[in-house]
Amino acid sequence: DIVMTQSPDSLAVSLGERATINCKSSQSVLYSSNNKNYLAWYQQKPGQPPKVLIYWASTRDSGVPDRFSGSGSGTDFTLTISSLQAEDVAVYYCQQYYNTPQTFGQGTKVEIK
Amino acid sequence: QVQLVQSGAEVKKPGASVKVSCKVSGYTFIDYYIHWVRQAPGQGLEWMGWINPNSGGTNYPQKFQGRVTMTRDTSISTAYMELTRLRSDDTAVYYCAREGESGAGYKGYWGQGTLVTVSS
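Per-chain numbering applies: the sequence of each chain, read as written, is numbered from 1 onward. Chain labels run from A onward and ligand labels from 1 onward, assigned in the order the entries are written. Residue-level local features of this predicted model are given only where pLDDT is at least 70; pairs of side-chain atoms are given and counted only at 80 or more, and the full residue set underlies all totals for whole chains, interfaces and linings. Excluding hydrogens and water, the side-chain values take into account all heavy atoms of the structure.

Draft legend 1. Focus on the overall build of chain A. Per the convention used, a helix needs a DSSP run of H or I reaching at least four residues, while a strand needs a run of E reaching at least two, with both numbered from the N terminus. A tally of helices and strands in chain A yields 0 helices and 13 strands. Along its sequence from the N terminus, chain A presents helices and strands in the succession β-β-β-β-β-β-β-β-β-β-β-β-β. It is over C-alpha atoms that the radius of gyration is taken, and the globule rule equals 2.2 Å times the number of residues to the power 0.38. At 13 Å, chain A has a C-alpha radius of gyration in line with the 13 Å of a compact globule built from 113 residues. When its C-alpha atoms are laid out on the principal axes, chain A stretches across 40 × 25 × 25 Å. Here chain A, with 113 residues, has 46% of them falling under the buried criterion. Between two residues, a contact is recorded if the distance between any of their heavy atoms is within 4.5 Å. In chain A, 56% of the contacts between residues at least 6 apart in sequence involve partners at least 24 apart. Approximately 5200 Å² of chain A is accessible, and the part contributed by carbon and sulfur atoms is 45%. Charged residues are defined here as Lys and Arg on the positive side and Asp and Glu on the negative side; His and the ends of the chain fall outside this count. Lys charges are placed at NZ, Arg charges at CZ, Asp charges at CG and Glu charges at CD. Averaging the coordinates of the 9 positive side-chain charges in chain A and doing the same for the 9 negative ones gives two points 3 Å apart. Burial classes follow relative accessibility: with a 1.4 Å probe on protein chains only, a residue under 20% of its type's maximum area counts as buried, one over 50% as exposed, and anything between as partly exposed. Calculation of accessible area relied on Shrake-Rupley with a 1.4 Å probe; when residues are assessed, cover is drawn exclusively from the protein chains displayed.

Here it is, written out as structure tokens:
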């Protein structure tokens, strides 16, 4: 199974400041035949289902604010919130869909400092 | 618009089974895989498998093989997830989710979740 490890487990950022979450996979999730990274990022607020923010490692889903961006390739990925807003308080998960079983990171809780 | 509506909360005794439904609308049911993901209280997300609504084919992780069965009824655009031999650590919110793109494994749309509580 591919193990997804996020860091940090939690972080507190001031409003308007940058938040950076890292995700490392135990093996590459880059599919060489199409040069796509099979990596998604989700945001989950309390009492709600997760919501996809980013897929293919860097493609922002429709309607997602452009302060959210994804980067990385192979085994190392980053979700960046360029200017943290109050509504961004949530838990963020990375997920690999390169193979089965699909696996998620343990989650990173983002709070306001 | 795409919607996934799940059945209501369940309370079950250890050893029993539960069957959760997921009725979809706003798209052609057979065109996208349905995944099931669960989340124990205060914990992270755990993938339970997928069903191809077109063929009925399924894929389950080894952890759930023998205990989980995913089915579908194309006539009513509904997917089902049945979990047997329930234990207390199966207490969780169970989500169905549709892949964002046909053939891609990221989950673009989610149901509201179904709380399953296993308690004697």
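Draft legend 2. Looking closely at the interface of chain A and chain B. Taken together, the contacts link 16 residues of chain A with 20 residues of chain B. Of the roughly 1500 Å² buried at the junction of chain A and chain B (both faces included), carbon and sulfur atoms supply 65%. Three residues stand out in chain A for area buried against chain B, namely Pro50, Gln102 and Phe104 of chain A, and they jointly supply 34% of the buried area on that side. Each salt bridge in this description consists of a side-chain nitrogen of Lys or Arg and a carboxyl oxygen of Asp or Glu lying within 4 Å of one another. Put simply, chain A and chain B have 0 salt bridges between them. For the purposes of these results, a polar contact is taken to be a pair of N or O atoms within 3.5 Å, where, inside protein, one atom must be able to donate a hydrogen and its partner to accept one; residues adjacent in sequence count only when each atom of the pair is a side-chain atom. Counting across the chain A and chain B interface gives 8 residue pairs in polar contact (both at pLDDT 80 or more). Of all the secondary structure elements, the ones that give two or more residues to the side of chain A that touches chain B are strand E6 (39-44), strand E7 (51-55) and strand E11 (90-96) of chain A. No other element matches the 3 residues that E6 of chain A contributes to the side of chain A that touches chain B. The term buried area denotes the loss of accessible surface (1.4 Å probe radius) that occurs when two parts are joined, taken as the sum for both partners.

Draft legend 3. The arrangement of the sheet that holds strand E3 (residues 18-25) of chain B in detail. Residue and element names in this part refer to chain B. Strand pairing is assigned whenever DSSP detects at least two bridges linking the two strands. The strand order across the open sheet formed by 4 strands is E1-E3-E8-E7, and the pairing between neighbours is antiparallel. The sheet is open, and its two edges are formed by strand E1 (3-6) and strand E7 (68-73), each paired on a single side. Shown here is a sheet whose adjacent strand axes are inclined to one another by a mean of 20 degrees, direction ignored. Bridging between E3 and strand E8 (residues 78-83) involves 6 bridges; their strand directions are antiparallel. Lines fitted to the C-alpha atoms define the axes, with helices restricted to the stretch that makes contact. Angles between their N-to-C directions range from 0 to 180 degrees.

None of this, on its own, says anything about what the molecule does.
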